[in-house]
Amino acid sequence: MSRDLQSESALKAWGFLIILALIWGSSFILIKRGLVVFSPGEVGAFRIVAAGMFLLPLSLPRLKNLNRRQVKNLIIVGLVGSFIPAFLFAKAQTQLSSALTGVFNAMTPLFVVIIGALFFNSRITKRNGWGLFIAFIGVVILLSVKEGVGFGSLTDINAYAFYVLLACACYGLNLNIIKFRFVELKPVAITAISLTMVLPMALIYLFAFTQFSFKITHVEGAALAAGYIALLGVVGTALALILFNVMVKVATPVFASSVTYLIPIVAIMWGLLDGEQLLAGHYLGIAAVIFGVWVGNRR
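Okay, so let's go over this structure. Keep in mind the model is a prediction, meaning the values are calculated, not measured.

This paragraph deals with the nonpolar core. Counting residues in each nonpolar core, the largest one holds 79 residues, and the members touching the most others are Phe-38, Phe-104, Met-107 and Val-289. Residue contacts for Met-107: discarding those within four places in its chain leaves Ala-135, Val-139, Leu-165, Cys-168, Val-289 and Val-293. Core analysis: the next-biggest nonpolar cluster, separate from the first, contains 11 residues, Val-77, Phe-120, Leu-185 and Ile-193 among them.

Structure (C-alpha cells):
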C-alpha cells in the first residue's frame, strides 16, 4: 500500500472516530431532551421504533435466509443489545445527569470481559483484573459523591446509576453473543435484523400501553421532544452502528474501540453546556473509570 493510501485510510479512520464519538456522546443529552415531555418507557420504545423502521429496508430481504437458531439468537440480541438498554438509560436519566450517565456507559468493555468469563469461557487476564478494580473504585467514588458534603456513605448512593450498569451488562452479553454465536452474519445485518425482531414489541407497547399518541398531539413541545428521540434512534443507534462497522474495516479493532474513551468526554461537555454541575469528586471518579477501562483493554 502506498504512503498516500495509508494516510488516506488513517484520515478516514480518525474522521469516523470523531463522528462516532460526537454521535454516541450526544445520545445522553438527547435522552434528557426527550424526557422533558415523555416518560422513560415512551422514550425507550420510540427510540427502538425510530431505529427499527429506519433499518427495515436492510433487514426485510435477509429474513427469509435465516434458520430457527439464528432467529432465536437475533431476538436475544435485539432485546439485550437495543430494547432493554433503551428503557434502562431513559429510566436512569430521570435521576442521573446526562454527563455521569455517559461516564458510566464507558464500563461496557469491562462488562464484555466479565460476561465472557462467566458464560463464554473467556479468560480474564491480570491486565483485565486491574482495569476492573480501578474502574470499580471510580464507580464507587461517583456513586458516593454528594453535593455540599463531599463524599457520602454508600447507603446514600444514587441507585439510578445501577440502571446504567445493568444496561452495560446487557451490552456485554450482547457483544459476547455476537462474537460466539454469529460467525456467518455480518454486523450490519445483525443490527438491522435484531432491531426488526423487537420492533413489533416496541410498537405495541408505545401505542397500546403509553400516552405517546395523546402527548404528541396535545402536549406543547412534544413534537420537538419526539424529534430528539427520533434523532437518537436513527442517527445514534442505526447509522452510528453502520458507521462503526465501516470504521472497523478501515482501521484496527483496537483503534475502533478507543471511541469508548471519547464518548464520556463528549457527554460531559454537553452536560456542562446544559448547566449540569460536576464536583471535584466526580472528576476523580471519572478519571478512575476511564483509566480503568484503558488499563483493562489496552494492547
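What follows picks up the thread again.
This brings us to the packing of helix H4 (residues 68-92) against helix H8 (residues 161-181). Close contact between H4 and H8 brings their axes to 8 Å; oriented N to C, the two are set at 160°. When the interaxial angle is binned, H4 and H8 end up roughly antiparallel. Both H4 and H8 take part in a crossing whose hand is left-handed. Mapping the contact onto sequence places Arg-69, Asn-73, Ile-76, Val-77, Val-80, Gly-81, Ile-84, Pro-85, Leu-88, Phe-89, Lys-91 and Ala-92 in H4 and Tyr-163, Val-164, Leu-166, Ala-167, Cys-170, Tyr-171, Leu-173, Asn-174, Ile-177, Ile-178 and Arg-181 in H8. Partitioned by chemical class, the residues of the contact of H4 with H8 number 17 nonpolar, 3 polar and 3 charged.

Two measures describe an aromatic ring pair: the distance that separates the ring centres and the angle between the ring planes. Evaluation of the coordinates by the stated rule reveals 12 aromatic pairs. Each ring, one from Phe-120 and one from Phe-180, has its centre 5.4 Å from the other, and the planes form 10°; the classification is stacked. Of this pair, Phe-120 sits in the loop between helix H6 (108-119) and helix H7 (126-144) while Phe-180 sits in helix H8, placing them 60 residues apart in sequence. The buried category is assigned to Phe-120, whose relative accessible area is 13%. With relative accessibility at 36%, the residue Phe-180 sits in the partly exposed group. An aromatic cluster of three or more residues is present, and its members are Phe-38, Phe-46, Phe-207 and Phe-212.

The subject of this paragraph is the environment of Ala-45. Counting through the fold element by element, Ala-45 comes out in helix H3 (residues 40-63). When its relative accessible area of 0% is taken as the criterion, Ala-45 is described as buried. Along the backbone, Ala-45 and Ile-229 are 184 residues apart, and their C-alpha atoms lie at a distance of 9.7 Å. When neighbours within four sequence positions are excluded, Ala-45 is seen to be in contact with Phe-87, Ala-202, Tyr-205 and Leu-206.

Below, the discussion takes up the side chain of Asn-73. Secondary-structure assignment places Asn-73 in helix H4. What makes Asn-73 buried here is its relative accessible area of 3%. Each residue touching Asn-73, except ones within four places of it in the same chain, is listed here: Arg-181 and Phe-182.

Further remarks concern unusual backbone geometry. The backbone phi angle of Asn-121 is positive, close to 60°, even though this residue is not glycine. By the element assignment, Asn-121 lies in the loop between H6 and H7. Judged by its relative accessible area of 77%, Asn-121 falls in the exposed class.

Conventions used here
Residues numbered from 1 in each chain as written. Predicted model: local features only at pLDDT ≥ 70, side-chain atom pairs only at ≥ 80, totals over all residues. Heavy atoms only, no water. Core = buried A, V, L, I, M, F, W, Y, C linked by side-chain atoms within 4.5 Å. Buried < 20%, exposed > 50% of the residue type's maximum accessible area, 1.4 Å probe, protein only. Contact = heavy atoms within 4.5 Å. Axes fitted to C-alpha atoms, helices over the stretch in contact; angles between N-to-C directions. Helix = DSSP H or I, 4+ residues; strand = E, 2+ residues; numbered from the N terminus. Parallel < 35°, antiparallel > 145°, perpendicular 65-115°, else oblique. Left-handed = near helix turned anticlockwise from the far one by under 90°. Nonpolar A, V, L, I, M, F, W, Y, C, P; charged D, E, K, R; others polar. Phe/Tyr/Trp six-rings, centres within 6.5 Å; stacked < 30°, edge-to-face > 60°.

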